[in-house]
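Letter by letter, the chains look like this.
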Amino acid sequence: MIARHPKREDIRLEAVLTALGNPIRLAAVRTIAVGGEHPCCDVLPQIPKSTMTHHWRALRDSGVVWQRHIGREYRLELRREDLDSRFPGLLDSILGPLVSDPLTQETIAEYDRSRQGASA
């Protein structure tokens, strides 16, 4: 798999907003923003790997995250410096309210419930 990371100057606002327009991706970005670099499998472990692969691609291709292959795992890091340079204040405006957003947490909980129901 060849990761496509746009150059800083090629990151487009509409691509970033589209990537962040999904509650699962928002929750993932919030987790990465708070804790720094993460193995992909540790960001939202309750969500199926195949689902998250799709979300990682959207975040990576839009320029929101760096995805690096280290050994046998992929690691994610928020491209905060690049995004702050291109769109000052955007990340803080979007991520700030998510810390206490019940709808984002509800979305994650729905995935948990659906997986538990499927395994029962």
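Computed from a predicted structure; not experimentally measured.

Cut-off values and rules
- Residues numbered from 1 in each chain as written.
- Predicted model: local features only at pLDDT ≥ 70, side-chain atom pairs only at ≥ 80, totals over all residues.
- Heavy atoms only, no water.
- Phe/Tyr/Trp six-rings, centres within 6.5 Å; stacked < 30°, edge-to-face > 60°.
- Lys NZ or Arg CZ within 6 Å of the ring centre and 35° of its normal.
- Core = buried A, V, L, I, M, F, W, Y, C linked by side-chain atoms within 4.5 Å.
- Buried < 20%, exposed > 50% of the residue type's maximum accessible area, 1.4 Å probe, protein only.
- Helix = DSSP H or I, 4+ residues; strand = E, 2+ residues; numbered from the N terminus.
- Contact = heavy atoms within 4.5 Å.
- Salt bridge = Lys/Arg side-chain N within 4 Å of Asp/Glu carboxyl O.

S.K.: Mind showing me how you'd approach the packing of aromatic side chains here?
M.R.: Any two aromatic rings considered together are summarised by their centre-to-centre distance and by the angle between their planes. Considering all chains together, one arrives at zero aromatic pairs under this definition. The ring of W66 carries the charged tip of R79 above its face, separated from the ring centre by 3.8 Å.

S.K.: Would you mind going over the nonpolar core with me for this structure?
M.R.: Where a protein is soluble and globular, its nonpolar side chains tend to be buried together. Grouped together as the largest cluster of nonpolar side chains are 27 residues, with contacts concentrated most on V16, L44, W56, L59 and V64. Broken down by element, the residue count for this core peaks at six residues, all from helix 2 (residues 23–35). In contact with V16, not counting residues within four places along its chain, are I11, S62, V64, L83, F87 and L90.

S.K.: Where do I start with the pattern of salt bridges in this structure?
M.R.: Tallying each qualifying case throughout the model produces 11 salt bridges. R75 is paired through a salt bridge with E37; the nearest N and O atoms lie 3.0 Å apart. You can see R75 sitting in strand 3 (residues 73–78) and its partner E37 sitting in the loop between helix 2 and strand 1 (38–39), a full 38 residues away along the chain. Exposure remark for R75: the relative accessible area of 17% places this residue in the buried category. Across the pair D61 and R60 runs a salt bridge, and its minimum N-O distance is 3.3 Å.

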